[in-house]
Amino acid sequence: MWKVQLFELNFDERERQAVTAVLESGWITMGERIQEFEQRFGDSLGHGAKAIAVANGTAALHMAVLALGIGPGDEVIVPALTFIADLNVVRLTGATPVLADCTSLTDWNMDPEDARRRITDRTKAIMIVHYAGYSCNMDAFTELCRDRSLFLIEDAAHAVGASYRGQPCGTFGDVGCFSFFTNKNLSVGEGGMYVSRSEDLEQKGRYLRSHGMTTLTLDRHEGRAITYDVVQSGLNYRMDEMRAALGIVQLEKLAESNDKRRQLTQMYIELLSGIKGLTLPFLNHPNSIPSYHILPILLDADVDRISVINRLKEAGIQSSIHYPAFQDFTAFRLSSLSATPISNEISKRELTLPLFPTMGFEKVRYVCNCLKDILNKL
Ligand SMILES: Cc1ncc(COP(=O)(O)O)c(C=O)c1O
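Criteria and thresholds
Starting afresh in each chain, residues are numbered from 1 along the sequence in its written order. Given that the model is predicted, a residue must reach a pLDDT of at least 70 before its local features are reported, and side-chain atom pairs must reach 80 or more before they are shown or counted; all residues, however, enter totals for whole chains, interfaces and linings. To qualify as a helix, a DSSP run of H or I must reach at least 4 residues; to qualify as a strand, a run of E must reach at least 2; elements of each kind are numbered from the N terminus. Exposure criterion: with C-beta atoms placed from backbone coordinates, a residue whose C-beta has 20 or more other C-beta atoms within 10 Å is buried, one with 12 or fewer is exposed, and one in between is partly exposed. Should DSSP find at least two bridges between two strands, the strands are taken to pair. Throughout, the edges of the domains are those of an automatic or database domain assignment. Once C-beta atoms are placed from the backbone, any two residues with those atoms within 7 Å are in contact. Classification convention: Asp, Glu, Lys, Arg as charged; Ala, Val, Leu, Ile, Met, Phe, Trp, Tyr, Cys, Pro as nonpolar; all other residues, Gly among them, as polar.

In this structure, Y323 follows H322 across a cis peptide bond, with omega equal to 10°. Relative to the assigned elements, Y323 resides in the loop between α10 (305-314) and α11 (330-333). The phi dihedral of A132 falls on the positive side, at around 60°, and the residue is not glycine. Within the fold, A132 resides in the loop between β4 (123-129) and α6 (138-147). Residue class for A132 comes out buried when judged on the 23 C-beta atoms lying within 10 Å of it. At S149, a residue that is not glycine, the phi angle is positive and equals roughly 50°.

Quick look at the structure:
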C-alpha cells in the first residue's frame, strides 16, 4: 500500500535464527536469554545500571511509579507532549498527573523551569521523556530533583542509545524506562526494560515484574528451588525468551542502526531547510547524542495538516502525529489538566515523517520532494 512506510523493521537472518533457536530449545518463558539480554543491556548503559526485562515500556513505567511508592494524594509532574502511557500509569496509581510544558517551539522537551513552577508540597516525582530521542536538559532536571527531594523517572522509550554529556539516557533517574515496541530503535514487537541503579529499586522491580515471588519457574525447573514465597504484591510483566533473543540481536545492531538514522536525519534537515511552510525542532541540541527515533516537523500555523497528510498518502507516504494533546482525549477532557500552550501548539502542527535505518536516501529525497510540492500548492 505504501511507497514509503513510517517505519520498517531491520530484521534479517540473525533475528530468524535467534528465535528459531529459542523454539528449538524447549524453553520459551523467562530463562537464560532474558538474563543475557538484561546483562548486556545493563552493561551497554554502564553507570551501575541494572536492567530488568519487561513485557513493554508501559509496564516499566507502571513498575517505576509503584516501586517509588507513588499513590493517592501524590502529584507527579509529567510531560505535556508525550505518549499517553505516562499519564495513564500515574493516574492508575491514584496519584495526580500535573503537566509541565515544552521548552519552546524548537526544543520540545519539558522545560525545567516550568516543571519547577508546578512543584507543590504534594509533588513526589518528575517524569520526563526524551522526545524523539533528543535528551532533556539533564543538568537541570537532576539538580531540580536533588534540591527538591523528588524522584526522577525517565521515559526513555525514544532514547535507546541516546546520551547526554556522554551518559546514556535512562541512567540519570531513579528509574529509566525503555520501550522495545515494533517501531522503536530496538525492536522486539512488545517489550521494555526497567532500569535502576539502586539494589532496592532493582529488587522492587523484580518483585513487581513477577507477582512478588521469590523464585522463578526456571529456578524450580532447574532444581534450584522447590517452592516460592510471595513477599509483596506484584504483576505479571515478564518478557519471554523469543523477545529476549530478538533483543540481543537488535542490541548488537543498535549503534549501526542509530548511525544510519543520524545520516538519514541529516539528509532530511538539508533537504527540508528553507522549504516554505515548515520548521524543524532540535536543530541546535547541545551536549547530547540523539537516538533519532522519529523525524518530527512543525508545520506553519496556517498550513492545513490534514490536507498535507492526505496528499502525502496519495503519494504513497505514511505519516503520523506525535502527539495529540491530552486535553482532547475523551478520558481527559473533563479532568483539570494544567494549561500548556506550547505543547498544545505543537500538537496542532506536528507531523512525523518516515524514518527507519533501512530507509535509504532515495526515499528521504522522495518524501522531501513530495512535501515541498504539496506545501507549494496548498
Ligand atoms: C514516549 C513513550 N512512552 C511510553 C511508551 C510505551 O511503550 P510500550 O508501547 O512499549 O508500552 C511509548 C511507546 O509507544 C512511547 O513512545
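The discussion continues.
With that out of the way, let us pick up the sheet that holds strand β6 (residues 163-164). Remark on secondary structure: sheet strands pair via backbone hydrogen bonds, oriented parallel or antiparallel. Ordered in space as β7-β6-β11, the three strands form an open sheet in which the pairing is antiparallel. On the outer flanks of this sheet lie β7 (167-168) and β11 (288-289), each paired with one strand and no other. Where β6 and β11 come together, two bridges link them in antiparallel fashion. Across the sheet, Y164 pairs through a bridge with S288, a residue of β11.

Another point: the domain arrangement of the protein. The domains assigned to the protein are domain 1 (13-251) and domain 2 (254-377). On a C-alpha basis, the centroid separation for the pair domain 1 and domain 2 is 26 Å. Each side of the interface is counted separately: domain 1 has 31 residues, and domain 2 has 29 residues. Among the elements of the structure, β3 (96-100), β6 and α9 (241-272) are those that each provide at least two residues to the side of domain 1 that touches domain 2. Here the residues of the side of domain 1 that touches domain 2 sort into 17 nonpolar, 10 polar and four charged.

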